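Coordinate inspection notes
Next come the chains, spelled out residue by residue.
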Amino acid sequence: MSTLSAGAWVGDPVHSDISFKVRHMGVGKVRGEFALVSAALSVGEGGGQVTALIDPASVRTGNEQRDQHIRSADFLDVEKYPRIEFTSTGVRGFDGETFILVGELTLHGVTRTVELEAELLGFVDDPSGAERTGFSATTVISRAAFGVDIQLAFGAGDLVVADTVEIAIEIEFTSTGPDPR
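Residues numbered from 1 in each chain as written. Predicted model: local features only at pLDDT ≥ 70, side-chain atom pairs only at ≥ 80, totals over all residues. Heavy atoms only, no water.

Quick word on the confidence of the model for the chain
This is how it is decided: Confidence of the predictor at the level of single residues is given by pLDDT, which spans 0 to 100. The way it works is that DSSP assigns letters per residue, a run of H or I at least four long becomes a helix, a run of E at least two long becomes a strand, and they are numbered from the N terminus.
Averaged over all residues, the pLDDT of the chain equals 89, while 91% of them reach at least 70. Taken element by element, the predicted model of the chain shows its lowest mean pLDDT in strand β9 (residues 153-154) (52) and its highest in strand β6 (residues 98-107) (97).

Now the structure itself:
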């Protein structure tokens, strides 16, 4: 297979990774990850659409105290906003491998347009006989633009946690067959 087959594809949470990095005290970066709850890819003659659901309560940074703080009302407020959602709205500049995926990201109850620099990693028929494909994507967002605007300062006004958040996505999909729509 050399192109993405038309039809419905489902995200494989076991072989997918949603991670982030944010500067800490101006001298380092803290890394973390979220669990992918579900993802779907629909491909048709006129293009396609990707949707994804992420559980913000699943945040893991390697430090439980920090994870609890990120889940709190100071940051993600997972009790009030239990979902992070993405729905694509378009693709630009596809050259057979790389492209810009444009979509709506809803985080902390706020929806904003984001652009992801994406790469189609290839296709394979896996051992179960299903078609499988994978993508990598990155973007940078402002946490304040999504209402996560806590300002923890130290020293001469330096921020403990920067506003800029780098996001990296590795995701695999398996074909479920023709799209029923």
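Some details on the pattern of salt bridges
As a reminder of what qualifies: For this document, the term salt bridge refers to a Lys or Arg side-chain nitrogen within 4 Å of an Asp or Glu carboxyl oxygen. Accessibility here uses a 1.4 Å probe with only protein chains present; expressed as a share of the type maximum, an area under 20% marks a residue as buried, one over 50% as exposed, and anything in between as partly exposed.
Within this structure, the stated rule accounts for nine salt bridges. Between Glu 33 and Arg 60 there is a salt bridge, with the nearest N and O atoms lying 2.4 Å from each other. With Glu 33 in strand β3 (residues 28-44) and Arg 60 in strand β4 (residues 47-60), this pair connects stretches of sequence that are 27 residues apart. For Glu 33, a relative accessible area of 27% translates into the label partly exposed. Take Arg 60: its relative accessible area is 43%, and that puts it in the partly exposed class. The shortest N-O distance in the salt bridge between Arg 71 and Glu 64 comes to 3.2 Å. Judged by its relative accessible area of 17%, Arg 71 is buried. Owing to a relative accessible area of 46%, Glu 64 belongs among the partly exposed residues under this scheme. Through salt bridges that share partners, Asp 12, Asp 126, Arg 132 and Glu 172 make up one connected network.

A short note on the packing of aromatic side chains
Two descriptors summarise a pair of aromatic rings, namely the distance from one centre to the other and the angle between the planes of the rings. What counts, and what does not: Put simply, two rings from Phe, Tyr or Trp (the six-membered ring, in Trp's case) pair if the centres are within 6.5 Å, and we call them stacked under 30 degrees between planes, edge-to-face over 60, tilted for the rest.
Under the criterion given, the structure shown has four aromatic pairs. Judged by centre distance (5.6 Å) and plane angle (65°), the rings of Phe 94 and Phe 99 are edge-to-face. For Phe 99, a relative accessible area of 10% puts it in the buried group.

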